[in-house]
Amino acid sequence: MRILLVNPPNCGRSIPEERYGIDSLKQIFRGEPLALETLAGNLHGHEVRIVDLKVEPEALPDELAGFAPELVGFTAMTCEANSVLRLARQVKENCNARVVVGGVHASNDPQFFNRPEIDFVVVGLGKQSLRQLVDTLETAGDSAAIPGIAATAPGRALTWPARSYSRQDLVQERPPAYGLVERYRPHYTLQSLGLEMGFVASAFGCPFDCSFCCIAPVTGGRYLTAGIDTILRDIGQLEQTPVIRLVDANTFGNPQHARRLAEAIRAAGIRKHFLADVRSDTVVRHPELLRLWKEIGLRAVVIGFEEVSDVALDGLNKANSAAVNSEAIRILHQIGLTIVGDFIISPDYDEAQFDALEAYVADNPVDLPMYTVLTPLPGTPLYAGMRERITIHDLDYYTLTNAVVPTRLEERIFYQRYAALLKAGHAHAKL
Ligand code: B12
Ligand code: SF4
């Protein structure tokens, strides 16, 4: 079967830009579409192409005409969901392909894609499900029994057999098809260093349950680590790539596994720069683990500090404290790791809370502070709690840089203060 896998273009709309001319909050993101490479890795025996519209925004019509796919698969985050519908209509108007969509938005809010232009929605880890779907389509079989796959039925509720989410879903014996994006690789760089950056997954899901987070439904709430050999094999495939971003939501969620991985990287003589996500409480509980990782090439860690008071952290179900966050910053500075710190600004912030955040970042300096606006992503517990207050339902604005509920401060002031935080952070960025 001819299968085209599509990474949607950079998209999303910006309230601060549209209403107040503040354009500094908009960013362009690029990185290899590891989800699509992972899926393609298990589609052996088929003709598979990946088109990355973040690099080539206008490439879809030519791909459809030249390749004539029989199945087109889209991945989508929430802010990409509308774009994917638009692109799916383009597919339907131009060829006979069936359309399947998966990824973080499909896993959190599958019903959104229950539309005529979409044929199948994949909920959760998709490597096994997509293979089974393709095999079933080839033999004109019945897809209704495939775990994680919902055939669309506009006007009715979607149904699908649940997946149990075991390590079998990772189909580890089949590596990601990294070669399918070779032509795009020069575009996948870590801008600050101007170095090529490759993505590797070492763990899926997260053992925590923060209210704003959309990761849990991708693995049915489970935390699954990849085998050490699998991870080394994937790093090995990116031989020419000096920087490896471990794209896991929580790379150090199982400290024993993370320790064994670091030791195996050292034993294999791999010399790369690594970036990875870690929770601050893991840093405080296991500083020696971070030291070990620093020795084997970890250069920067991404930490979700989120908020600066315990009350606010509890409100997000973060299961962490401001004191632990500060202690982690101290430890990481001591170890010499660069800290990329995520903070979440609530639309309920008043001037005093913006001041408190500014003061916290001044007292606890992180090398690259990143700020997002608290966003009730459909499917999350936060969404259930904030639903009644949402005034902006257009998912193009769900980029985590817009307030989709009314702000407590006058809206212009809210975005001015947000932009000022970002500007100050970038002025001091050391990544
Ligand atoms: C790498 C990454 C990126 C990369 C590359 C993504 C790409 N496709 O090009 C870049 C840098 C471009 C990026 C950009 C952004 N990102 Co981003 N990103 C990630 C990250 C860290 C890893 C994703 C990944 O590669 N995982 C590994 C793969 C193997 O797993 P997976 O994607 O879950 O795929 C599996 C299943 O979901 C499923 N599946 C996925 N797609 C498909 C498609 C089909 C057809 C099928 C069958 C199955 C399927 O099968 C896969 C294999 O099992 C995640 C966080 C995380 N850890 O998940 C955030 C994340 C996805 N990003 C996020 C966000 C918000 C953004 C941005 C809006 C930036 C921002 N403001 O923070 C931009 C949006 C860009 C745009 N369109 O304008 C959010 C999404 C929240 C949401 N619900 O929308 C996440 C979850 C992080 C977070 N803050 O919570 N991102
Ligand atoms: S620790 Fe991070 S990945 Fe895990 S649930 Fe919380 S925000 Fe999501």
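The protein chain is annotated in an unreviewed UniProt entry as B12-binding domain-containing radical SAM protein of Desulfuromonas versatilis.

Examining the packing of aromatic side chains
Across all of its chains, the model carries 10 aromatic pairs by this definition. Look at Phe343 and Tyr371: their rings are 5.8 Å apart centre to centre, the planes differ by 25 degrees, and that puts the pair in the stacked class. On the criterion of sequence distance, the pair formed by Phe343 in strand 14 (residues 338–345) and Tyr371 in strand 15 (residues 368–373) is long-range, its members being 28 residues apart. Among the aromatic residues, ring-to-ring pairing joins Tyr20, Tyr349, Phe354, Phe414 and Tyr415 into one connected group. Lying over the aromatic face of Phe67, Arg49 brings its terminal NZ or CZ to 5.9 Å of the ring centre. The cationic tip of Arg115 hangs over the ring face of Phe112; the distance from NZ or CZ to the ring centre is 4.4 Å.

Comments concerning the sheet that holds strand 15
Sheet architecture is open: 7 strands sit in the order 7-8-11-12-13-14-15, paired in mixed fashion. Bordering the open sheet on either side are strand 7 (189–190) and strand 15, each of which pairs with just one other strand.

Structural notes on the UniProt feature "domain: Radical SAM core" (unreviewed entry) in the protein chain
On the UniProt side, "domain: Radical SAM core" (unreviewed entry) is annotated at positions that read residues 192–417 here. Secondary structure content for residues 192–417 is 37% helix and 19% strand, while the C-alpha to C-alpha distance between its ends is 25 Å.

Structural notes on the site of ligand 2
Ligand 2 sits among Cys206, Phe208, Asp209, Cys210, Phe212, Cys213, Ala249, Arg279 and Lys318. Considering only residue class, the shell around ligand 2 consists of 6 nonpolar, no polar and 3 charged.

Comments concerning the pattern of salt bridges
By the definition in use, this model includes 23 salt bridges. Glu63 serves as the salt-bridge partner of Arg183, at 3.9 Å between the closest nitrogen and oxygen. Here the residue Arg183 occupies a position in the loop between strand 6 (149–151) and strand 7, and Glu63 occupies one in helix 3 (residues 60–67), the gap between them amounting to 120 residues. Taking relative accessible area as the criterion, Arg183 reaches 41% and is therefore assigned partly exposed.

Description of the sheet that holds strand 4 (residues 98–102)
In a beta sheet, neighbouring strands pair by backbone hydrogen bonds and run either parallel or antiparallel. Ordered by their spatial adjacency, 6 strands build an open sheet running 2-1-3-4-5-6, and the pairing between neighbours is mixed. Among the strands making up the open sheet, the edge pair consists of strand 2 (47–52) and strand 6. Geometrically, the sheet is characterised by an average inter-axis angle of 20 degrees between neighbouring strands, direction not taken into account. Pairing of strand 4 with strand 5 (residues 120–122) involves 2 bridges; the strand directions are parallel. Each residue of the ladder has a partner; that of Val100, found in strand 5, is Phe120. Taken strand by strand, helix 2 (residues 34–41) contacts strand 1 (2–7), strand 2 and strand 3 (71–75), and its axis lies near 165 degrees from that of strand 1. Each of strand 3 and strand 4 touches helix 4 (residues 81–94); the most contacted strand, strand 3, lies at about 170 degrees to it.

A look at the domain arrangement of the protein chain
The extent of an interface is frequently quoted as the accessible surface area lost upon association of the parts. Taken domain by domain, the protein chain comprises domain 1 (2–167) and domain 2 (188–427). For domain 1 versus domain 2, the distance between C-alpha centres works out to 25 Å. Each side of the interface is counted separately: domain 1 has 34 residues, and domain 2 has 40 residues. Taking both partners together, domain 1 and domain 2 bury about 3,200 Å²; carbon and sulfur atoms supply 62% of that area. Of all residues in domain 1, the largest losses of buried area upon contact with domain 2 belong to Arg13, Leu25 and Glu32, amounting jointly to 19% of the total for that side. Connecting domain 1 to domain 2 are 1 salt bridge. Between Glu411 and Arg19 there is a salt bridge, with the nearest N and O atoms lying 2.9 Å from each other. Looking at the side of domain 1 that touches domain 2, the elements with two or more residues in it are helix 1 (15–20), helix 4 and helix 5 (104–108). Examining the composition of the side of domain 1 that touches domain 2, we find that 5 residues originate from one element, helix 1, more than from any other.

Basis of the calculations
Residues numbered from 1 in each chain as written. Chains lettered and ligands numbered in written order. Predicted model: local features only at pLDDT ≥ 70, side-chain atom pairs only at ≥ 80, totals over all residues. Heavy atoms only, no water. Phe/Tyr/Trp six-rings, centres within 6.5 Å; stacked < 30°, edge-to-face > 60°. Helix = DSSP H or I, 4+ residues; strand = E, 2+ residues; numbered from the N terminus. Lys NZ or Arg CZ within 6 Å of the ring centre and 35° of its normal. Pairing = 2+ DSSP bridges. UniProt positions renumbered as here; feature names shortened; annotations may be inferred. Near = heavy atom within 4 Å. Nonpolar A, V, L, I, M, F, W, Y, C, P; charged D, E, K, R; others polar. Salt bridge = Lys/Arg side-chain N within 4 Å of Asp/Glu carboxyl O. Buried < 20%, exposed > 50% of the residue type's maximum accessible area, 1.4 Å probe, protein only. Axes fitted to C-alpha atoms, helices over the stretch in contact; angles between N-to-C directions. Contact = heavy atoms within 4.5 Å. Domains from an automatic or database assignment. Buried area = accessible area lost by both parts, 1.4 Å probe.

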